[in-house]
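A closer look at the structure
Below, each chain spelled out in residue letters.
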Amino acid sequence: MTGVPASAAGGSSGAHGAAAGAASRRPGADRAAGAPRASRASGSGGAGRLAGSGGADRSAAGQGGDRPPRGGKIAAAAVNQASVWNVANLLTMVRLLLVPGFVALMLADGGYDPAWRSLAWAAFAIAMITDLFDGHLARRYDLVTDFGKIADPIADKAIMGAALICLSVLGDLPWWVTGVILGRELGITLLRFLVIRYGVIPASRGGKLKTLTQGVAVGMYVLALTGWLATLRFWVMAAAVVLTVATGLDYVRQAIVLRRRGIAERREALEESEA
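Before going into details, it helps to say that this report is about the structure given with it. (Residues numbered from 1 in each chain as written. Predicted model: local features only at pLDDT ≥ 70, side-chain atom pairs only at ≥ 80, totals over all residues. Heavy atoms only, no water.)

**Overview of the overall build of the protein chain**
In terms of regular secondary structure, the protein chain is built from 9 helices and 0 strands. Moving toward the C terminus, one meets the helices and strands of the protein chain in the order α-α-α-α-α-α-α-α-α. In the protein chain, which comprises 275 residues, the share counted as buried stands at 28%. Pairs at least 24 residues apart make up 74% of the contacts formed inside the protein chain by residues separated by at least 6 positions. Carbon together with sulfur atoms contributes 67% to the accessible area of the protein chain, which is approximately 17,600 Å² in total. (Helix = DSSP H or I, 4+ residues; strand = E, 2+ residues; numbered from the N terminus. Buried < 20%, exposed > 50% of the residue type's maximum accessible area, 1.4 Å probe, protein only. Contact = heavy atoms within 4.5 Å. Areas by Shrake-Rupley, 256 points an atom, 1.4 Å probe, with all protein chains shown as cover.)

Below, the structure is given as structure tokens:
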């Protein structure tokens, strides 16, 4: 048995240690040196894996982020129901509640007390002002609801009709004026419903001017005016009646044109479908 010198043994162990160190350092070097080749070699594969992982992330995000939370539909329904109680609809409801109060004030003490008539005028003025704001707020801030579409025109005609009827009952306004104005309003409302299948009749500037003139004229009649103011309100009411009739005839013309156009478009669409 041949003995191994200590130096040789140390050298051998040193060689083994160096080899082990080199081996331990080689993977890092190999990784450092092979990183570009690996990245180039696996570019398409890595991109595919990245795309796959991105798609998985997106699908996971779609499952977790796009999916509405539990009870989301119930919450959305609750929001839609709560949206009925917006400021525009509240103004409309205030106008509806003012109608019986206005009638009570208008007919208090026989209907000829200037103090009560002044309070009735205040209620009428508030109703007219809210009529100006509720529609504007609903359109500007996207507060349009089915309730508002139905309640707003009802409130408008209720306060105006109540004022006209009270004035005619008290003898301050001829019944034929009340009949012309209310007949026009109800007739145009019915006409809108009849032609709604063909389109919507837009509100005209004449219609807006008519509404303003009617409000001013009726408000002046609600007040117990005398002298030249009583003469002035007569002419303002005359202008309101003229605008009422003229705009009513214009709405009838628009309804006829709209109906004819709608029938013609339906006929053309039917002929194209048959061809």
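**Digging into the packing of aromatic side chains**
All told, the structure shown has 2 aromatic pairs when counted by the stated rule. Relative to Phe124, the ring of Phe102 lies with its centre 6.0 Å away and its plane at 40°, an arrangement referred to as tilted. Highlighted residues: Phe102 in helix α4 (residues 87-107) and Phe124 in helix α5 (residues 114-140), separated in sequence by 22 residues. Assessed through its relative accessible area of 2%, Phe124 is described here as buried. On the numbers, 5.2 Å between centres and 80° between planes, the contact of Phe234 with Trp235 is edge-to-face. A cation over a ring is seen here: Arg233 above Tyr221, with NZ or CZ 4.5 Å from the ring centre. (Phe/Tyr/Trp six-rings, centres within 6.5 Å; stacked < 30°, edge-to-face > 60°. Lys NZ or Arg CZ within 6 Å of the ring centre and 35° of its normal.)

**A closer look at a positive patch on the surface**
On the surface, Arg197, Arg259, Arg260 and Arg266 cluster together into a positively charged patch. As for its placement among the helices and strands, Arg266 is situated in helix α9 (residues 228-274). Owing to a relative accessible area of 48%, Arg266 belongs among the partly exposed residues under this scheme. (Patch = residues over 30% accessible without salt bridge, like charges linked within 9 Å, V, L, I, M, F, W, Y side chains within 5 Å. Salt bridge = Lys/Arg side-chain N within 4 Å of Asp/Glu carboxyl O. Lys, Arg positive; Asp, Glu negative; His and termini not counted. Charge placed at Lys NZ, Arg CZ, Asp CG, Glu CD.)

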